[in-house]
Amino acid sequence: KQQQQRAIESSIRVMKLGGVGLEGEDKEQFNQMRMRLAELSTKFGNNVLDSTKAYSYTIEDASLVEGVPASAKAMWAQAHIASLEGDKPDLDPEKGPWRLTLDMPSYIAVMSHLPNRSIREKVYKAYLTRASDQSSNPELDNVPVLLEILSLKQKMAKLLGFENYAEQSLSSKVAPSVKAVEELSELILEKALPTAERELAELTALSKEQGGEDYADLEKLEPWDTTFWSERLKEQKFDLTDEELRPYFALPNVLEGMFGLVTRLFNIEVRAADGEAEVWHPDVRFFNVYDVDTDEHLASFYLDPYSRPENKRG
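Only a predicted model underlies this, so the values are computations on that prediction, with no experimental measurement involved.

Caption draft 1: How the structure looks around the overall build of the protein. Along its length, the protein carries 12 helices and 5 strands. Computed over C-alpha atoms, the radius of gyration of the protein comes to 25 Å, more than 25% over the 20 Å expected from 2.2 N^0.38 for 314 residues, which places it beyond the range of a compact globule. Expressed as lengths along the three principal axes of its C-alpha atoms, the size of the protein is roughly 65 × 50 × 45 Å. Looking at the protein residue by residue over its 314 residues, the buried ones come to 27%. Look at the contacts in the protein between residues 6 or more apart in sequence, and 52% of them connect residues 24 or more apart. Summing over all exposed atoms, the protein offers an accessible surface of approximately 20700 Å²; the carbon and sulfur share of this is 54%. Between the mean site of the 37 positive side-chain charges and the mean site of the 55 negative ones, the protein shows a separation of 5 Å.

Caption draft 2: The arrangement of the sheet that holds strand β4 (residues 285-291) in detail. Spatially, β3-β4-β5 is the arrangement adopted by the 3 strands of the open sheet, whose pairing is antiparallel. Both outer strands of the open sheet, β3 (268-272) and β5 (297-303), are each paired with one neighbouring strand and no more. When the angles between neighbouring strand axes are averaged without regard to direction, this sheet yields 25 degrees. Where β3 and β4 come together, 5 bridges link them in antiparallel fashion. Its bridge partner being in β4, R271 is matched across the sheet by N288. Helix-sheet contacts for helix α12 (residues 251-266) involve β3, β4 and β5, and the interaxial angle to β3 is about 150 degrees.

Caption draft 3: The side chain of R117, seen in detail. Structurally, R117 can be placed in helix α5 (residues 117-128). Aside from chain neighbours lying at most four places away, what touches R117 is D214, Y215, L218, E222, W224 and D225.

Caption draft 4: Looking closely at the packing of aromatic side chains. Considering all chains together, one arrives at 9 aromatic pairs under this definition. Between F228 and W229, the ring centres sit 5.2 Å apart and the planes meet at 85 degrees, which makes this aromatic pair edge-to-face. For the pair F228 and W229, a shared accessibility class is recorded, and that class is buried. Aromatic side chains W280 and Y302 sit 5.1 Å apart centroid to centroid with 55 degrees between the ring planes, which places their arrangement in the tilted category. Placement of W280 in the loop between β3 and β4 and of Y302 in strand β5 is noted, with a sequence separation of 22 residues between them. What makes W280 exposed here is its relative accessible area of 52%. Directly above the ring of F228 sits R120, whose terminal nitrogen or CZ lies 4.4 Å from the centroid. The cationic tip of R232 hangs over the ring face of F228; the distance from NZ or CZ to the ring centre is 4.6 Å.

Caption draft 5: Structural view of α5. Taking 1.5 Å as the rise per residue, α5 with 12 residues should run 16 Å; its terminal C-alpha atoms sit 16 Å apart, in good agreement. Among the residues of α5, R117, I119, R120, V123, Y124, A126 and Y127 are the ones counted as buried. Summarising the contacts, the buried residues of α5 are in contact with β1 (56-59), β2 (98-101), α4 (104-113), α9 (213-216) and α10 (223-238).

Procedures and definitions
- Residues numbered from 1 in each chain as written.
- Predicted model: local features only at pLDDT ≥ 70, side-chain atom pairs only at ≥ 80, totals over all residues.
- Heavy atoms only, no water.
- Helix = DSSP H or I, 4+ residues; strand = E, 2+ residues; numbered from the N terminus.
- Rg over C-alpha atoms; globule rule 2.2 N^0.38 Å.
- Buried < 20%, exposed > 50% of the residue type's maximum accessible area, 1.4 Å probe, protein only.
- Contact = heavy atoms within 4.5 Å.
- Areas by Shrake-Rupley, 256 points an atom, 1.4 Å probe, with all protein chains shown as cover.
- Lys, Arg positive; Asp, Glu negative; His and termini not counted.
- Charge placed at Lys NZ, Arg CZ, Asp CG, Glu CD.
- Pairing = 2+ DSSP bridges.
- Axes fitted to C-alpha atoms, helices over the stretch in contact; angles between N-to-C directions.
- Phe/Tyr/Trp six-rings, centres within 6.5 Å; stacked < 30°, edge-to-face > 60°.
- Lys NZ or Arg CZ within 6 Å of the ring centre and 35° of its normal.
- Expected span 1.5 Å × (residues − 1).

Everything listed here is a matter of coordinates, which is why it stays silent on function.
Take a look at the structure:
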């Protein structure tokens, strides 16, 4: 009964937040703003995606990728080949060229493993300023989009009886008030900041010890340095690299472990059903979910595990 009551209360709350209690002009205005908000949200995402796709940085000097893991060089070399038109050369991760992009796997590899500090800075700043008033394409500037989204959310929250959108958001969450969230954030900051400062000092010391002239007179690391030196510190402390871990996290191994876990936790079985449903790409897989005891078909789902940002525009 208690679970049913919570489910009913949750459904009523969702309907109220959807404007079911509004009437007349307020309801019409709310629905118009909701439709506009959906348009803006799609535009925001598309601008970020287009801005991400528009940027690349190509390296032709092999000395600049010295020490980079083979998997990262292969990814960058493949990105270069994919960008070419006409006949494409054979892939050679050791000779390049290597095309760095802002797609997340490429970006993380740059920040984690590319030794050249100036290139990391360029890629970091390009990533940070995507679809902003600091980016190279003003047509993709999300600042006015974001301001309109904020304005609409504030107006919609007012129509629903809230002081602001933060209060509306918290109405369906555990936190009792905006003040409680602020107090928790301050508490986390108070506890976490000293540890973060100690870790940053450790990374800075390591960079001065191993980084050469670029870091000799550096007072503090820049944001495009911290991930790189965090990886070096991890390798030094634990004598372990991402490349050594990679074979253990191959996709088949991860799926086997995850599906085995859900079987133990929920008494369900996930079975491959490739070919039973139409897919939008050869890499996409299809699975059915069954009750272990009754063999009843409970659900089905698609799995699309690989990043293909060029196909995800809304």
